[in-house]
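Summary of the model geometry
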Amino acid sequence: MSIILGLDFGLKRCGLAVTDSLQLIASALKTVPSAQLMSFLEDYISSHDVGTLVVGLPLRKSGETSGIEQNILLFIEAFKKKFPDVIVARQEESFTSQQAVQSMIEAGHGKMKRRKKENIDMVSATLILQRYLENRL
């Protein structure tokens, strides 16, 4: 069975998460500078059986998408051209950053680890992917 990648897209960096081969558990994978994201995905997808990419859908409290959505849509368009066989799904991502910090506190991570935005982005991607897995059932 193919794996699923989760993506917390950002203008500076992107958090990535991945499922196990049974598509049951989401785990943090890596944080990649946004400028290097497509290159990283080319390498990763060429060596792993990725069937789906789940991209966070940033919604405001009003239900409108946030300003970064335009950048996300451009990325998705380029991704689909490069990887036409990989399904692209969206998952609402409200409050994942706050939940990421809270889960890091609960896991006993110190302030220094929680201050690193890279760690928060990776955990946020994991939360996005986990929500997607839960909503599939």
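Just above sits the structure.
Model, not experiment: these values are computed from the prediction. (Residues numbered from 1 in each chain as written. Predicted model: local features only at pLDDT ≥ 70, side-chain atom pairs only at ≥ 80, totals over all residues. Heavy atoms only, no water.)

In this section: the overall build of the protein. If you tally the helices and strands in the protein, you get five helices and five strands. Scanning the protein from its N terminus toward the C terminus, one meets helices and strands in the order β-β-β-α-β-α-β-α-α-α. Looking at the 137 residues of the protein, the share that counts as buried comes to 45%. The long-range share in the protein, meaning contacts at least 24 apart out of those at least 6 apart in sequence, stands at 61%. Looking at the protein as shown, the accessible area adds up to about 7600 Å², and 54% of this sits on carbon and sulfur atoms. (Helix = DSSP H or I, 4+ residues; strand = E, 2+ residues; numbered from the N terminus. Buried < 20%, exposed > 50% of the residue type's maximum accessible area, 1.4 Å probe, protein only. Contact = heavy atoms within 4.5 Å. Areas by Shrake-Rupley, 256 points an atom, 1.4 Å probe, with all protein chains shown as cover.)

This structure, assessed with the given rule, holds four aromatic pairs. When the ring of Phe 75 is compared with that of Phe 79, the centres are 5.9 Å apart and the planes differ by 40°; the resulting orientation is tilted. One end of the pair is Phe 75 and the other is Phe 79, both in helix H2 (residues 69-82) and four residues apart, which spans about a single turn. Phe 79 sits in the buried class, given a relative accessible area of 1%. On the numbers, 4.8 Å between centres and 40° between planes, the contact of Phe 79 with Phe 83 is tilted. (Phe/Tyr/Trp six-rings, centres within 6.5 Å; stacked < 30°, edge-to-face > 60°.)

A word on the nonpolar core. Core analysis: the largest hydrophobic core is formed by 23 residues, its most contacted members being Leu 7, Leu 37, Leu 41, Leu 53, Phe 75 and Phe 79. Secondary-structure elements contributing two or more residues to this core are strand E1 (3-8), strand E2 (13-19), helix H1 (37-47), strand E4 (50-57) and H2. Contacts of Phe 75, omitting those with residues within four sequence positions, involve Leu 7, Phe 9, Leu 37, Met 38, Leu 41 and Leu 53. One finds Ile 4, Ala 26, Val 54 and Tyr 132 within the second-largest nonpolar core, a separate group that totals ten residues. (Core = buried A, V, L, I, M, F, W, Y, C linked by side-chain atoms within 4.5 Å.)

A separate point is the pairing of strand E5 (residues 87-92). Across six bridges, the pairing between E4 and E5 is parallel. Of the residues in E5, the one forming a bridge with Leu 53 is Val 88. (Pairing = 2+ DSSP bridges.)

Reading across from one edge, E3-E2-E1-E4-E5 is the order of the five strands in this open sheet, with mixed pairing throughout. The sheet terminates laterally at strand E3 (26-33) and E5, the two strands that pair on one side only. Averaged over all pairs of adjacent strands, the angle between strand axes in this sheet comes to 25°, irrespective of strand direction. Two elements, E2 and E3, share seven bridges in a ladder whose sense is antiparallel. Bridging from a neighbouring strand, Arg 13 pairs with Pro 33 of E3. On the sheet, H1 packs against E1, E2, E3 and E4 and is oriented at approximately 135° with respect to E3. In the packing of helix H5 (residues 117-136) onto the sheet, the strands contacted are E1, E2, E3, E4 and E5, and the crossing angle to E2 comes to about 40°. (Axes fitted to C-alpha atoms, helices over the stretch in contact; angles between N-to-C directions.)

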